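A look at the structure
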Amino acid sequence: MTYCIGISLDDGLVLTSDSRTNAGIDHVSTYSKMHRCVTTPDRCLVIMSAGNLATTQGVIQQIRRDVLEGLPRNINTLSYLADVAEYLGDVLVNRIRKHTEQTGFVPDATLILGGQIQGRNPNIYMIYPQGNYITSSADTPYLQIGESKYGKPVLDRFITRDASLEDAAICSLISMDSTMKSNASAGPPIEVMIYPRDQFNAPKHYKFEAEDPYLLEIRHEWANQLNRAFRSMPRLEVHAKPNSTLHTF
């Protein structure tokens, strides 16, 4: 399992992923889940993945091979991000179907595509194992894959389309840390990519190891602030009136 977040803002995109692929009792393995595609100068495309590692690696290899072999339909020939999402869905489905037919095992995977093609708005898409996809909206400007439930509340409270890229990046790190705190299936290194609108060759990429000072500072400060907020909550016995009737049986 893993955890990846894609955030679509007025000013660009923020993409965040962990690197854990296995967290057994005596074996922990890590692989990057964030893949920046080699593209033409008019676009920037990033893929994040969750699910079966062999499937996602096979999909990434097929995408690269289609570009190298100059196939008519590849990530550099399509004019819309939605078309790229549909193409990735087809590659994903073919990969899953191939191995399902051979072994009977269903190696599912889910992808997030984020990026921009010149003349279009930056956006994010979630691509399901069945090949269909959804995109973000004004009401839901972020998408998650993997172990998403623990990190969702903080995104719901603070992420809006007009948030700054830096605020969204910090929020995504808090979301990631909340997930790692509650579930061992997500873990470092943590990767963050900040993509400013229309800056095709200038995304900022950060990688944080488990003991990175900034990651630890975020973790400690968020915990301290939550503790202060909790301690300042209105006290039950001061502000709430007890119910005088207790039903018994």
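Here's what I pulled together on the structure shown here.

In a regular helix each residue adds 1.5 Å, so 16 residues correspond to 22 Å; helix α1 (residues 53-68) covers 23 Å between its end C-alpha atoms and thus fits that length. In this fold, the buried residues of α1 make contact with β5 (34-36), β6 (43-51), α2 (81-103) and β7 (109-117). Just downstream of α1 lies Gly 70, where phi reads positive at about 65 degrees.

Attention shifts here to the layout of surface pockets. Empty space within the largest pocket amounts to approximately 200 Å³. Around the largest pocket, the lining residues are Tyr 150, Pro 153, Val 154, Arg 157, Phe 158, Ser 178, Trp 222 and Leu 226. Mapped by element, the contributors of at least two residues to the lining of the largest pocket are α3 (152-158) and α5 (213-231). Among the elements that take part in the lining of the largest pocket, α3 stands out by supplying four residues, more than any other. Its residues placed into classes, the lining of the largest pocket shows six nonpolar, one polar and one charged. Its boundaries defined by the atoms lining it, the second largest pocket holds a volume of some 150 Å³. In terms of lining residues, the second largest pocket is bounded by Val 154, Phe 158, Ile 159, Ala 163, Asp 167, Ala 168, Ile 170, Cys 171, Ile 174 and Trp 222. Within the residue set of the lining of the second largest pocket, elements represented by two or more residues are α3 and α4 (165-182). At five residues, α4 tops the list of elements feeding residues into the lining of the second largest pocket. Here the residues of the lining of the second largest pocket sort into nine nonpolar, no polar and one charged.

All right, on to the pairing of strand β1 (residues 3-9) then. Of all seven residues making up β1, seven are buried, and the element is well covered by its neighbours. Of the two faces of β1, the one carrying Tyr 3, Ile 5, Ile 7 and Leu 9 and the one carrying Cys 4, Gly 6 and Ser 8 are both buried. In this structure, β1 lies alongside strand β10 (residues 142-146), joined through five bridges in antiparallel fashion. Note on β10: the bridge partner recorded for Ile 7 is Tyr 142. Bridging between β1 and strand β2 (residues 12-17) involves six bridges; their strand directions are antiparallel. From the neighbouring strand, Leu 9 faces β2, where its bridge partner is Gly 12. In this structure, the hairpin formed by β1 and β2 is closed by a connection of two residues.

Of all hydrophobic cores here, the largest spans 25 residues; its most connected members are Ile 7, Leu 9, Val 14, Leu 155, Ile 159, Ile 190 and Val 192. Per-element accounting of this core gives the leading share, eight residues, to α4. When sequence neighbours within four positions are dropped, the list of residues in contact with Ile 190 reads Thr 16, Ser 17, Asp 18, Leu 173, Met 176, Met 180, Tyr 206, Lys 207, Phe 208 and Leu 215. Formed by 22 residues, the second largest nonpolar core is a distinct cluster that contains Leu 81, Val 91, Tyr 125 and Ile 127.

About the cut-offs
- Residues numbered from 1 in each chain as written.
- Predicted model: local features only at pLDDT ≥ 70, side-chain atom pairs only at ≥ 80, totals over all residues.
- Heavy atoms only, no water.
- Helix = DSSP H or I, 4+ residues; strand = E, 2+ residues; numbered from the N terminus.
- Expected span 1.5 Å × (residues − 1).
- Contact = heavy atoms within 4.5 Å.
- 1 Å grid on protein atoms, 1.4 Å probe; cavity = no way out; pocket = protein on both sides within 12 Å on 5 of 7 lines; lining within 4 Å.
- Points joined across faces, edges and corners; volume = space filled by probe spheres on them.
- Nonpolar A, V, L, I, M, F, W, Y, C, P; charged D, E, K, R; others polar.
- Buried < 20%, exposed > 50% of the residue type's maximum accessible area, 1.4 Å probe, protein only.
- Pairing = 2+ DSSP bridges.
- Core = buried A, V, L, I, M, F, W, Y, C linked by side-chain atoms within 4.5 Å.

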